[in-house]
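In case you want the letters, here they are:
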Amino acid sequence: MAVETDAAVVAVRAANLRGTVGAATLHCPEPRSHSVIRRALFLLVLAFPTWAFAAPAEKISELLRPADTIEAVQVHPSIWRASGNSNAFIVATDDGLVVIDTGLGPQAAATHAALRAVSDAPVRKLILTHAHADHIGGVGLWQTDGVETLAARAFALRNQYYADLRPFQARRSRVLWADVMPEGAEEQFPYPRVTVDRYIDVDTMMEVGGVTFHLLVTPGGEGPDSLSVWIPDWKVLFSGDTLGPSTATFPNLFTLRGENMREAVPMILTLERMAELEPEMLLTGHFDPLVGADEIAPMLRRTAAAVRYVHDATVAGMNEGKSLWTLMREIELPDELAVSEQYGRVAWGVRAIYESYTGWFRYESTTELYDVPHFEVYPELVALAGGPDAVGQAAMTKILAGKPLEALHLAEAALTVDPKHRGGLTAAMLALRSLAAEDGGTNFQVAGWLRARIRAADAALAELDSDDSAAD
Ligand SMILES: [Zn+2]
């Protein structure tokens, strides 16, 4: 993927941007230049084939693929896993079943049916690893008479928090994942409010049908309410989303959809503690089991070390007086700790750590303390600079210089004056495509965001074109 992305950047910068779009830049403000711009755009579209926006090659993209069929698969002599977009498990004991997580709402009935086809023994315990919707969708199906539901103490607040912010987060998620989140899905499968019989405050041992379960309070990569389940006799660890949805990526300390930031230090301590258990099987909240003590503990330690490195570098930089922006640019994992950034990213981890430690006042401008954001004075600045045409031109110059973020700042300034300004929209669209080519294939979340913004810019430009043809 890296090779293809590099090729796209080189192709666009060298062949198209410096040639045809350069011509478009010269003509941008003039009305008769539209065909030149359109030709430039066409060439750019050819230069950014769809794979520039394709999901990362690794498995994280499968989180959004609707599960066709849900089957229960035996992963251990006494454990079955049903995997839709998330995993649900049953553990068979001499006295009935222990259920761990229940799947995503739309898949919960199939998940329940698949696991019940394996065993119709009575259910004794329902353990919820955390309050994310994709793990508690089927709670109502399992909470029959005599079932005790257990969750970490922090689950109660998280269940309330996700319910309170449901409209906000669903709206934002729909921007990122428009293709798989149709409008109205929330009404059909509302976020469940769960009645928990027993909250777990500290690590707790429990015995069911001759099997000993340790319920471990493991605040981690998806929030403070992570509860893991350790079966010491079998050396099996159910980790829910303590590591995040995937063990193959830097953890997601920050989500684009707008959850509060995850704390690095509790996660580091949790991962180190999990490694000390020396699990032989790791059953995560998504994707396949990891098997082998030789694989699991080193992976846990390496992930912990990567988060610790970013944490310590961020804190050191803060104490040295470096700005947030400098730290986001400077901090990189050393080669021996390098991990995929397809879900979480190191730079966002830096920012999450910085802002969760300091809040939002960065001491950069007094205006940060008040309710007038910088873009409210853009119209005056744009007028002083000669109007949106001039600023759109400046944005194009930045595109040609290979500075898409600077171009985007300028384009957005021009668009505050005239949201339908062709030069501003064109520069914004080119900047977004350039970012997508460099960046969109490497991270699942930013790819979704860029795809949505490109669609919006393309739609605005198409509307201008149709207005022009109607006027001709
Ligand atoms: Zn999950």
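Residues numbered from 1 in each chain as written. Predicted model: local features only at pLDDT ≥ 70, side-chain atom pairs only at ≥ 80, totals over all residues.

1. Describing the overall build of the chain
- Across its full length, the chain holds 17 helices and 13 strands.
- Counting across all 472 residues of the chain, residues that qualify as buried make up 40%.
- Of the contacts formed within the chain by residues at least 6 apart in sequence, a portion of 68% connects residues at least 24 apart. (Helix = DSSP H or I, 4+ residues; strand = E, 2+ residues; numbered from the N terminus. Buried ≥ 20, exposed ≤ 12 C-beta atoms within 10 Å, placed from the backbone. Contact = placed C-beta atoms within 7 Å.)

2. Description of the environment of histidine 409
- Checked against the element boundaries, histidine 409 lands in helix H15 (residues 404–417).
- Given 17 C-beta atoms within a 10 Å radius, histidine 409 is considered partly exposed.
- Along the backbone, histidine 409 and alanine 431 are 22 residues apart, and their C-alpha atoms lie at a distance of 9.7 Å.

3. What to know about the sheet that holds strand E13 (residues 290–291)
- One open sheet holds the 6 strands; their spatial order is E8-E9-E10-E11-E12-E13, and the pairing between them is mixed. Looking at which strands have only one partner, the edges of the open sheet turn out to be strand E8 (204–208) and E13.
- Bridge count between E8 and strand E9 (residues 211–217): 5 bridges; the pairing is antiparallel. Each bridged residue has a counterpart across the sheet, and for methionine 205 the counterpart in E9 is histidine 214. (Pairing = 2+ DSSP bridges.)

4. Here's the deal with the nonpolar core
- Phe89, Val99, Ile127 and Leu237 are the most contacted members of the largest nonpolar core, which totals 63 residues.
- Setting aside anything within four residues of it in sequence, one finds phenylalanine 89 in contact with Ile79, Trp80, Arg81, Ile100, Asp101, Phe238 and Leu283. (Core = buried A, V, L, I, M, F, W, Y, C linked by C-beta atoms within 7 Å.)

5. Brief notes about the sheet that holds strand E4 (residues 96–100)
- An order of E1-E2-E3-E4-E5-E6-E7 is seen for the 7 strands of this open sheet, with the pairing classed as mixed. Looking along the sheet, the strands with just one partner apiece sit at the ends: strand E1 (72–76) and strand E7 (198–200). Taking each pair of neighbouring strands and ignoring which way they run, the sheet shows an average axis angle of 25 degrees.
- Bridge count between strand E3 (residues 87–93) and E4: 5 bridges; the pairing is antiparallel. Across the sheet, residue threonine 93 finds its bridge partner in E4, namely glycine 96.
- Packed on one face of the sheet, helix H3 (residues 105–118) meets E1, strand E2 (79–83) and E3 and runs near 155 degrees to E2. (Axes fitted to C-alpha atoms, helices over the stretch in contact; angles between N-to-C directions.)

6. Re the confidence of the model for the chain
- With 85% of its residues at a pLDDT of 70 or more, the chain has an overall mean of 86.
- Every residue in residues 1–58 is under pLDDT 50, and counting partners more than four places away or in other chains gives 82 contacts. (pLDDT = per-residue confidence, 0-100.)

7. Focus: the packing of helix H10 (residues 293–320) against helix H12 (residues 346–358)
- Here H10 crosses H12 at 55 degrees, and the two axes come no closer than 9 Å. Judged on the interaxial angle alone, H12 and H10 are oblique. Crossing geometry of H10 relative to H12 is assigned as right-handed. Together, Val310, His311, Thr314 and Met318 of H10 and Val346, Gly349, Val350, Ile353 and Tyr354 of H12 make up the contact between the two elements. (Parallel < 35°, antiparallel > 145°, perpendicular 65-115°, else oblique. Left-handed = near helix turned anticlockwise from the far one by under 90°.)

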